[in-house]
Amino acid sequence: MSTTKPIRSALVSVFYKDGLEPIARLLHEQGVTFYSTGGTEEFLRNLGIPVIPVEDVTSYPSILGGRVKTLHPKIFGGILNRQDHEGDVAQMQEYDIPQIDLVIVDLYPFEQTVASGASEADIIEKIDIGGISLIRAAAKNFKDTVIIASVAQYAEFLDILQKNGAATSWEERKTFATKAFQVSSHYDTAIFHYFNTDETVYKASITDGETLRYGENPHQRGWFFGDLSRMFDKLHGKELSYNNLLDVDAAVNLILEFKDDAPTFAILKHNNACGIATRPTMKEAYLAALAGDPTSAFGGVLIANGRIDADTASEINQLFCEVVIAPSIDDAAVAILKEKKNRILLVQKEVALPKKQVRTALNGLLIQDRNDVTDRAEGLTTVTTKAPTQEEIDDLLFASKICKNTKSNTIVLAKNGTLLASGTGQTSRVDALRQAIEKAQGFGFSLEGAVMASDAFFPFPDCVEIAHHAGITAVIQPGGSIKDELSIAYCNENGIAMVFTGTRHFKH
C-alpha cells in the first residue's frame, strides 16, 4: 500500500499569517476544503477562498473570550482517526465527523510576550491551549495527518506542494511530526520557565543548532546549540570549530573583565591567556600582549576590548592566528586581515551572557551561577604592614582578572599592565608559581617589582617565599587559610605588600 496520502481537507488556525497565502492558494487550486476560525478564517475569505467555520462543524461558538474554539470531538476526531481502522471509520460515519488531513498552526507568541515586559494577565492569555492540542494530535497521527506547526515550516511545506501537489509521503509526515513535537516541547519549556521557582528542576530547549566539522578531536562528532549571529557579525573566514568556540568563549569572558578599561588586547590558546596587555593604544596593547609569549600566540585566538584600526591590523597580519574578535574593526583593518582566507573575523555585539553555566558530569549535569564577581580596589583588604602602591594595586587587579579566567591551579605574574607569565592548570600552587617564573624568565622578563595573583589561598608561606626571591613585591589572593598568618608574617619580614579579596576564583 502506498504511503503517499492526498490532502483533501485542512484545518488552519495561525497567529502569524506571513507566508500563508501561497500555501492556501495552492491548496485551494487543488480542491482542498478549508476549516478555520477567527482571524485566520477572515484572512482566507479575503483571499477569495471558501472556508467552513469550525463553529459550523461543532455547533458551538467560540466561547470564553476565544479560549475555547477548536477543543471538540468533531475536530479532534477528524485529526486523530486511523483511516485503516474499521472502528474509527465507523465512528467517523456515526458521528458525522469530517476528515482533516492537514493541520496548520502557529502558536500564540508566548516567549515574545514575556520578553516584551507585558503584564502577567497578558502573558497568561498568550498560553496557547487549542493550538498546542492540535499540534500534538496531528503529530501523533502522522500516519494519516500532516502537521505544520510553525511559520518557520511554511517554506519547506510549500516546496513539497509545488513539487508533488496536495499530497505527502509517510517520511515527510513523520519529519513534520518530529518538528511539531519539538515546537510543542520548546513552547512548554518556555511556559515552565516563566512559572518555575524551583532551581533543583532543570529544563532546556534550544532550537538553533548546527553540526560542526568534528568535536574536540577529529574522531568525535560535535554540535553547537545557540544563535551565534546574536553575539557576532562574522566578516570573514572558515566555519568556527569546536575548539575555536571554546577559545572564543574563554576570550569573550576574559575581555569582559576589561570592558571599560583603556585599550586592552588578549591572545588565548587552549582557553588560557598567553598574552594580555593594557596600553594607551590598541596597537601598543597588541604588541605588548604578543611579546608576553610569541610562541604560544601562534594559532591563537585574539580579542580586543575596543576598535582595531589599520595599524593594529598590519601587526596582527604578521601572525598566524585562527580568530580575531573586537567590538569594531575599521574597514581598512578588515581588508588587511582578510588577506588570510581562513582567518575568522568576528565583530562582537552587546549581548548578555547566560547567568547559569552548565556542563555534563558523571550521569548528569552540573549547573552553577556564572562567576560575575570581579575584584575591585574598594574590596581589597591590606593584611600586611606594607600597603601596595597605587601602581601595584592597578597591577594586582589586572592580574586578578586574568587569574579568574585561567585554569586552576593558577598563578599570574604581571607588571605595568602586562601579563608576564602564568602557571596554569597545575596540581600544586607551588608548581604553578614555578612554571610562571620559569616562563617569564625564559622570555627575558625581569620580575623585579612585579605582582603575583593566586586564584585561591596559600596554605603555607612557600609561595610568597619563592615569589619574593624572584623579585615579586605585591601579592593578591583570596585569603581564608587557617595558616594565613604564616604567609602574612613572611611578607612583613621581607617588605612584601599583600591584599586579600575574600573571593576565590577556581576555574576547572
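Everything numeric in this text was worked out from a predicted model, so none of it was measured. (Residues numbered from 1 in each chain as written. Predicted model: local features only at pLDDT ≥ 70, side-chain atom pairs only at ≥ 80, totals over all residues. Heavy atoms only, no water.)

A. Region of interest: the sheet that holds strand β6 (residues 146–148). Spatial strand order, β4-β3-β2-β5-β6: five strands in an open sheet with parallel pairing. Of all the strands in the sheet, the pair left with one neighbour each is β4 (52–53) and β6. Sheet analysis places strand β2 (residues 9–14) next to strand β3 (residues 33–36), joined by four bridges and oriented parallel. In the strand pairing of β3, Val 12 is matched with Ser 36. Along the sheet, helix α9 (residues 154–164) contacts β2, β5 (102–106) and β6; its crossing angle with β5, the most-contacted strand, is approximately 155°. (Pairing = 2+ DSSP bridges. Helix = DSSP H or I, 4+ residues; strand = E, 2+ residues; numbered from the N terminus. Contact = heavy atoms within 4.5 Å. Axes fitted to C-alpha atoms, helices over the stretch in contact; angles between N-to-C directions.)

B. Examining the pairing of strand β16 (residues 356–361) more closely. Looking at chain direction, β16 and strand β17 (residues 364–369) are connected through six bridges and run antiparallel. Considered in β17, the bridge of Val 358 is made with Ile 367. Two successive antiparallel strands, β16 and β17, enclose a turn made up of two residues, where Leu 362 displays a positive phi of approximately 55°.

C. Expanded view of helix α11 (residues 242–256). Taking 1.5 Å of rise per residue, the 15 residues of α11 would be expected to cover 21 Å, and the 21 Å separating its terminal C-alpha atoms lies within 8% of that figure. Buried within α11 are the following residues: Asn 244, Leu 245, Asp 247, Val 248, Ala 250, Ala 251, Val 252, Asn 253, Leu 254 and Ile 255. (Expected span 1.5 Å × (residues − 1). Buried < 20%, exposed > 50% of the residue type's maximum accessible area, 1.4 Å probe, protein only.)

D. Seen up close, the nonpolar core. Formed by 39 residues in total, the largest nonpolar core has its most connected members in Val 248, Ile 276, Ile 303, Val 323, Ile 325 and Ile 402. In this structure, Phe 110, Ile 135, Ala 138 and Phe 142 belong to the second largest nonpolar core, which totals 29 residues. (Core = buried A, V, L, I, M, F, W, Y, C linked by side-chain atoms within 4.5 Å.)

E. Main features of the packing of aromatic side chains. Considering all chains together, one arrives at 10 aromatic pairs under this definition. For the pair Phe 15 and Tyr 16, a centre-to-centre distance of 5.0 Å together with 85° between the ring planes defines the contact as edge-to-face. For Tyr 16, a relative accessible area of 35% translates into the label partly exposed. Pairing Phe 157 with Phe 176 gives two aromatic rings, centres 6.0 Å apart and planes at 85°, and the pair type is edge-to-face. Placement of the pair is Phe 157 in helix α9 and Phe 176 in helix α10 (residues 170–195), with a sequence separation of 19 residues. Each member of the pair, Phe 157 as well as Phe 176, is classed as buried. What links up through ring pairs into an aromatic cluster is the set Phe 110, Tyr 187, Tyr 194 and Phe 195. For Lys 203, the ring lying beneath its charged end belongs to Phe 192, and the centroid distance is 5.5 Å. (Phe/Tyr/Trp six-rings, centres within 6.5 Å; stacked < 30°, edge-to-face > 60°. Lys NZ or Arg CZ within 6 Å of the ring centre and 35° of its normal.)

F. Region of the structure containing the packing of helix α8 (residues 130–140) against α10. Remark: α8 packs on α10, axes separated minimally by 9 Å, with the N-to-C direction vectors making an angle of 150°. It follows from the interaxial angle that α8 and α10 lie roughly antiparallel. Once α8 is placed against α10, the crossing between them reads as left-handed. For the pair formed by α8 and α10, the contact residues are Ile 132, Ile 135, Arg 136, Ala 139 and Lys 140 on the first element and Ala 177, Ala 180, Phe 181, Val 183, Ser 184, Tyr 187 and Asp 188 on the second. Looking at side-chain class alone, the contact of α8 with α10 contains eight nonpolar, one polar and three charged residues. (Parallel < 35°, antiparallel > 145°, perpendicular 65-115°, else oblique. Left-handed = near helix turned anticlockwise from the far one by under 90°. Nonpolar A, V, L, I, M, F, W, Y, C, P; charged D, E, K, R; others polar.)

G. Main features of the packing of helix α4 (residues 73–80) against α8. For the pair α4 and α8, interaxial distance at closest approach is 8 Å and the crossing angle is 30°. Here α4 is positioned roughly parallel relative to α8, judged by the angle of their axes. Seen from α4, the contacting residues are Ile 75, Phe 76, Ile 79 and Leu 80; seen from α8, they are Ser 133, Leu 134, Ala 137, Ala 138 and Lys 140. Broken down by class, the residue content of the contact of α4 with α8 amounts to seven nonpolar, one polar and one charged.

H. Structural view of a nonpolar patch on the surface. A grouping of Tyr 202, Val 358, Leu 365 and Ile 367 is seen on the molecular surface, where their side chains present a nonpolar patch of about 350 Å² in accessible area. Structurally, Ile 367 can be placed in strand β17. (Patch = residues over 30% accessible without salt bridge, like charges linked within 9 Å, V, L, I, M, F, W, Y side chains within 5 Å. Areas by Shrake-Rupley, 256 points an atom, 1.4 Å probe, with all protein chains shown as cover. Salt bridge = Lys/Arg side-chain N within 4 Å of Asp/Glu carboxyl O.)

I. Spotlight on the side chain of Asp 293. Examined against the element boundaries, Asp 293 turns out to sit in the loop between α12 (282–292) and α13 (294–297). Among the polar contacts made by the side chain of Asp 293, one reaches the side chain of Ser 296 at a distance of 2.6 Å. Excluding anything up to four places from it in sequence, Asp 293 contacts Cys 274, Lys 439 and Phe 443. (Polar contact = N/O pair within 3.5 Å; in protein donor to acceptor, adjacent residues only side chain to side chain.)

J. Structural detail: α9. Within α9, the full set of buried residues consists of Tyr 154, Phe 157, Leu 158, Ile 160 and Leu 161. Buried residues in α9, looked at end-on, bunch into an arc of 160°, giving them a common side. Relative to its buried face, α9 has exposed residues pointing more than 90 degrees away, namely Ala 155, Gln 162 and Lys 163. Where α9 is buried, its residues touch β2, α1 (20–29), β5, β6, β7 (167–168) and α10. A positive phi of about 75° marks Gly 165, the residue just after α9. (Arc of directions from axis to C-beta.)

K. How the structure looks around the environment of Phe 76. When you line up the elements, Phe 76 lands in helix α4. By relative accessible area, which is 15% here, Phe 76 ends up buried. Residues Phe 76 and Phe 142 lie 66 residues apart in sequence; the distance between their C-alpha atoms is 14 Å. Dropping the residues within four chain positions of it, Phe 76 is found in contact with Thr 70, Leu 71, Ser 133, Leu 134 and Ala 137.

L. Representation of the pattern of salt bridges. In the structure shown here, the tally under the stated rule is 18 salt bridges. The shortest N-O distance in the salt bridge between Lys 5 and Asp 144 comes to 2.9 Å. Of the two residues, Lys 5 sits in strand β1 (residues 5–6) while Asp 144 sits in the loop between α8 and β6, which places them 139 residues apart along the sequence. Exposure remark for Asp 144: the relative accessible area of 2% places this residue in the buried category. The partner of Arg 82 in a salt bridge is Asp 88, with the nearest N and O atoms 2.7 Å apart.

Just distances and angles here, no functional claims.
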